[in-house]
Amino acid sequence: MAIGTALLSAARTPRGAPAAIVLVGVVFAAIFADRLAPYAYDMQSLMQANLPPSAAHLLGTDEFGRDLFSRILHGARISLGVAVTSIGASVALGLVFGAIAGYAGGWADRLLMAVVDLTWAFPEILIALVLIAILGPGLGSTAVAITVGYMAQFARLARAQIIALKGETYIEATVGLGAGHAHILLRHLVPNALTPVLVAGMLATGDAIVLEATLGYFGLGAQPPLPSWGAMMSAGVGQMFLAPWVIVFPGLAIAITVVAINLYGDALIDALQIRNRLREG
Amino acid sequence: MLGYFVRRLIMLLPVFLAMSAIVFLIVHLVPGDPIDHMLQIGASAERRQELAAKFGLDRPLVVQYALWLKAALTGDLGEAIILKQPVVDLILANLPYSLALGLSALLFSTVVGVSVGAAAAYFAGSWFDRVVMAGILMGSMLPSFWLGLLMILIFAVELGLFPVSGARSWDALVLPVLTVGIGGVALIARVTRAAFVEVAQQDFVTLLHAKGLTRRRIFFRHLVRHALMPVVTILGLKVGWILGGAVTVEYVFARPGLGSLLITSLGQRDYPVVQGCLLMLGMGVMLGTLVGDLAQAAMDPRVRDRMS
């Protein structure tokens, strides 16, 4: 099934439909955050600090009197933006490494995969902390950390797809017709290997949102006053007992988004019938 | 079995060297000269050379790495810049707390994960199966630091059942273990359930039914043995991830431990401590994976043979 058709048919399943609606809503909020938000994300009003949810402030305010709803809308832009860009870069790099390793075989394969497997052997959070130790805290370092932390997964998956496809008769026929390596790899192998890697990338975006939030909560990701979902909670933890909504709502935003990504991704895997191909690698 | 153990150790050596080299390089990859961090403002050029010689920073990088690794392996990880103590002392003081949390979480994940997974398989398709499996799966997707904070709000603040933070008594371990454990429980329950369902479809099970054995007897006497193999495999692969979960959760509960130490030191750019913690945590993950592999090989001779 073509990926476009699959995206639609996944959105019509009982699991996929609510998830798709939530995801469209979150993306909409991220894009139009500055128009939808009733207040500026950094507008302080100390007279209105730590207010509970009300009509004026739908989700309450934080320790500086900033409107939590507005900050969560802007947070969608940052958290989603960082996760999507970094996973995009990670998928692209993983595809390049995996495709070359799988197609070339031999020592090139062993060398590339040895590098890739080094990150595969350790939890993503540890790899992220190593990179942040080198690059220093910040949103850019977070993006690099996510890109490197998840790359092994995509490289291994791409490599397994390429190796499986390499033995197909139509590839042999293409070789017989005198096609060059670049042509075979770029025109025939990579396009056919792409779908499972892209779907794995989509699922990993959920994990990346969680990793970004975790680093933000540690104070190692987005820096104040930027309202990433994790960084917001980092600032709010001091007032947690006084104003628990500062912890509850940003976390809920993460939870809803991540669960929606996983549910929709799962429906998509079924629609494309690629569950077995995803297990390779 | 001994041969397998030795082969696994040899395979881990390059990973260890690469991991430790990267940890070593942190100080050199950070923008700026490491000596600049140690020198006081206005220090003379002689003082700079003196310090460079003292820390061996005037020698080739490979030599520096070898010396650093040798010192690290003999228990000398340098001195903390902010805390002004030997890094080894800091690590030794924090290690027991991390071990207690990591191992309790591992035990909790395994026991609860296997029980829930087996129960879900026994009642496959029932509301229990669907609701419980979906619930823990959803719990495992959430950021663990947020789950930790919610547990503090609910169980420690509202209900007053457990301490909010710290590690002064045993019950301070309950909420952190639950927080770290949910991911492990989800993983193990899923694998256990799938393994039971798969084994139940094999021919020998049909035969057991035909022999007239009760469903319960088949389940507990025959299925369990076969179904636990994949669980040991996944535990071996993911033990590092379960232990790694402790890194984030310690910080949330303000518990002492390697994770808390690492995150605090990262914020303060106290690089010797950062290096020491990362080296220890990296070795911890590798050791966990090794133990997992050995457990699997001890249970399944095919794993041992595959390696030779």
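As a convention, each chain's residues are numbered from 1 in the sequence order in which they are written. Naming scheme: in the order in which they are written, chains are lettered from A and ligands are numbered from 1. Two thresholds apply to this predicted model, a pLDDT of at least 70 for residue-level local features and 80 or more for giving and counting side-chain atom pairs, whereas whole-chain, interface and lining totals are computed over all residues. Neither water nor hydrogens contribute to the side-chain values; these are computed over all heavy atoms in the structure.

Residues and elements named next belong to chain A. Patch membership requires more than 30% relative accessible area and the absence of a salt bridge. Residues of like charge join within 9 Å; the nonpolar side chains Val, Leu, Ile, Met, Phe, Trp and Tyr join within 5 Å. In short, Shrake-Rupley with a 1.4 Å probe defines the accessible areas, and a residue's cover is counted only from the protein chains shown. Counted as salt bridges are all cases of a side-chain nitrogen of Lys or Arg within 4 Å of a carboxyl oxygen of Asp or Glu. There is a patch of nonpolar side chains on the surface, built from Val27, Phe28, Ile31, Phe32 and Leu36 and spanning about 430 Å² of accessible area. Counting residues per element, the nonpolar patch draws most heavily on helix 2 (residues 16-31), at three residues. Mapping Val27 onto the fold places it in helix 2. Think of it in three bands: with a 1.4 Å probe and only protein chains considered, a residue is buried below 20% of the maximum accessible area for its type, exposed above 50%, and partly exposed in between. On the accessibility criterion, Val27 (39% relative accessible area) is partly exposed. Runs of E in the DSSP output that reach at least two residues are strands. Runs of H or I that reach at least four are helices, and both are numbered from the N terminus.

Here we come to the environment of Gly244 of chain B. All names here are of chain B. Among the secondary structure elements, Gly244 is positioned in helix 10 (residues 215-252). What makes Gly244 buried here is its relative accessible area of 6%. It is 9.5 Å that separates the C-alpha atoms of Gly244 and Gly282, two residues lying 38 residues apart in sequence.

On to the UniProt feature "domain: ABC transmembrane type-1" (unreviewed entry) in chain B. Within the UniProt annotation, "domain: ABC transmembrane type-1" (unreviewed entry) is assigned to residues 95-292 of chain B. For the annotated span residues 95-292 of chain B, helix accounts for 83% and strand for 0% of the residues, and the straight-line distance between the end C-alpha atoms is 21 Å. UniProt positions are given in the numbering used here, feature names are shortened, and annotations may be inferred rather than shown by experiment.

Further remarks concern the UniProt feature "transmembrane region" (unreviewed entry) in chain B. Within this structure's numbering, the places UniProt gives as "transmembrane region" (unreviewed entry) are residues 9-30, 99-124, 131-157, 169-189, 227-253 and 273-298 of chain B. Summarising residues 9-30 of chain B: 95% helix, 0% strand, and an end-to-end C-alpha distance of 32 Å.

Looking now at the packing of helix 11 (residues 245-272) of chain A against helix 7 (residues 144-158) of chain B. Contact pair helix 11 of chain A / helix 7 of chain B: the axes reach a minimum separation of 10 Å and the direction vectors enclose 140°. It follows from the interaxial angle that helix 11 of chain A and helix 7 of chain B lie oblique. Note on packing geometry: the crossing formed by helix 11 of chain A with helix 7 of chain B is left-handed. On helix 7 of chain B, the residues that touch Ile247, Val248, Gly251, Leu252 and Ala255 of chain A of helix 11 of chain A are Trp146, Leu149, Leu150 and Leu153 of chain B. Lys, Arg, Asp and Glu make up the charged group, whereas Ala, Val, Leu, Ile, Met, Phe, Trp, Tyr, Cys and Pro make up the nonpolar group; the residues left over, Gly among them, are polar. The class makeup of the residues in the contact of helix 11 of chain A with helix 7 of chain B is eight nonpolar, one polar and no charged. Axis angles are defined between N-to-C directions and span 0 to 180 degrees, where every axis is a line fitted to C-alpha atoms and, for a helix, only to the segment in contact. Under this scheme an angle from 65 to 115 degrees is roughly perpendicular, one under 35 degrees roughly parallel, and one over 145 degrees roughly antiparallel; angles in between are oblique. Should the near helix be turned anticlockwise from the far one by less than a right angle, the crossing is termed left-handed; should it be turned clockwise, right-handed. The contact criterion used throughout is that any non-hydrogen atoms of two residues lie within 4.5 Å.

The next thing to look at is the environment of Pro191 of chain A. Looking at the element boundaries, Pro191 of chain A is found in helix 9 (residues 181-217). In this view, Pro191 of chain A contacts Leu185 and Leu186 of chain A; residues no more than four positions away in its chain are not counted.

Further remarks concern the UniProt feature "transmembrane region" (unreviewed entry) in chain A. All names here are of chain A. Within this structure's numbering, the places UniProt gives as "transmembrane region" (unreviewed entry) are residues 17-37, 80-105, 125-152, 197-220 and 240-265. Helix makes up 89% of residues 125-152 and strand 0%, and the two end C-alpha atoms of the span are 14 Å apart. Helix makes up 81% of residues 240-265 and strand 0%, whereas the separation of the span's terminal C-alpha atoms amounts to 34 Å.

This brings us to the packing of aromatic side chains. Residue and element names in this part refer to chain B. Pairing of aromatic rings covers Phe, Tyr and the six-membered ring of Trp, with a centre-to-centre limit of 6.5 Å; geometry is then stacked below 30 degrees between planes, edge-to-face above 60, and tilted otherwise. Applying the stated rule across the entire model yields 14 aromatic pairs over all chains. Taken together, a centroid distance of 5.3 Å and an interplanar angle of 75° make the contact between Phe219 and Phe220 edge-to-face. The class of Phe220 is exposed, set by a relative accessible area of 55%. One aromatic cluster in this structure is built from Tyr122, Phe123, Trp127, Phe128, Phe196, Phe219 and Phe220. For Arg215, the ring lying beneath its charged end belongs to Tyr122, and the centroid distance is 4.4 Å. Two conditions define a charge located above a ring, namely a distance within 6 Å from the ring centre to NZ of Lys or CZ of Arg, and an angle within 35 degrees of the ring normal.

Residue and element names in this part refer to chain A. With respect to the secondary-structure elements, Asp67 resides in the loop between helix 3 (33-36) and helix 4 (68-104). In this tally, Lys and Arg are treated as positive and Asp and Glu as negative; His is ignored, and so are the chain termini. Salt bridges are absent for the buried Asp67, whose nearest opposite-charge side chain, Arg71, sits at 9.0 Å. Apart from the residues within four sequence positions on either side, Asp67 is in contact with Pro38, Tyr39, Ala56, His57, Leu58, Gly60 and Thr61.

Turning our attention to the UniProt feature "domain: ABC transmembrane type-1" (unreviewed entry) in chain A. Taking the UniProt record as the reference, the feature "domain: ABC transmembrane type-1" (unreviewed entry) is found at residues 76-265 of chain A. Structurally, residues 76-265 of chain A is divided into 83% helix and 0% strand, and its ends, taken at the C-alpha atoms, are 19 Å apart.

The subject of this paragraph is helix 2 of chain A. An expected span of 1.5 Å times one less than the residue number is assigned to each helix. The end-to-end C-alpha distance of helix 2 of chain A is 22 Å, a good match for the 22 Å that 16 residues give at a rise of 1.5 Å each. Its buried side turned inward, helix 2 of chain A meets helix 1 (3-10), helix 3, helix 4, helix 9, helix 10 (229-236) and helix 11 of chain A.

The subject of this paragraph is the packing of helix 6 (residues 124-135) of chain A against helix 9 of chain A. Residue and element names in this part refer to chain A. The geometry of helix 6 relative to helix 9 is characterised by a closest axis approach of 11 Å and an angle of 50° between their N-to-C directions. With respect to their mutual orientation, helix 6 and helix 9 come out oblique. Regarding helix 6 and helix 9, the two cross each other, and that crossing is right-handed. For the pair helix 6 and helix 9, contact is made by Glu124, Ile125, Ala128, Leu129 and Ile132 and by Leu211, Thr214 and Leu215, respectively. Of the residues in the contact of helix 6 with helix 9, the class split is six nonpolar, one polar and one charged.

Moving on: unusual backbone geometry. Cis geometry is found at the peptide bond from Pro224 of chain A to Pro225 of chain A, where omega equals 5°. Mapped onto the fold, Pro225 of chain A is located in the loop between helix 9 and helix 10. Phi at Lys84 of chain B is positive, roughly 50°, even though this residue is not glycine. Looking at the secondary structure, you find Lys84 of chain B in the loop between helix 4 (61-73) and helix 5 (87-122). With a phi close to 55°, Arg269 of chain B is a non-glycine residue in the positive phi region. Locating Arg269 of chain B in the fold gives a position in the loop between helix 11 (258-268) and helix 12 (271-299). The partly exposed category is assigned to Arg269 of chain B, whose relative accessible area is 44%.

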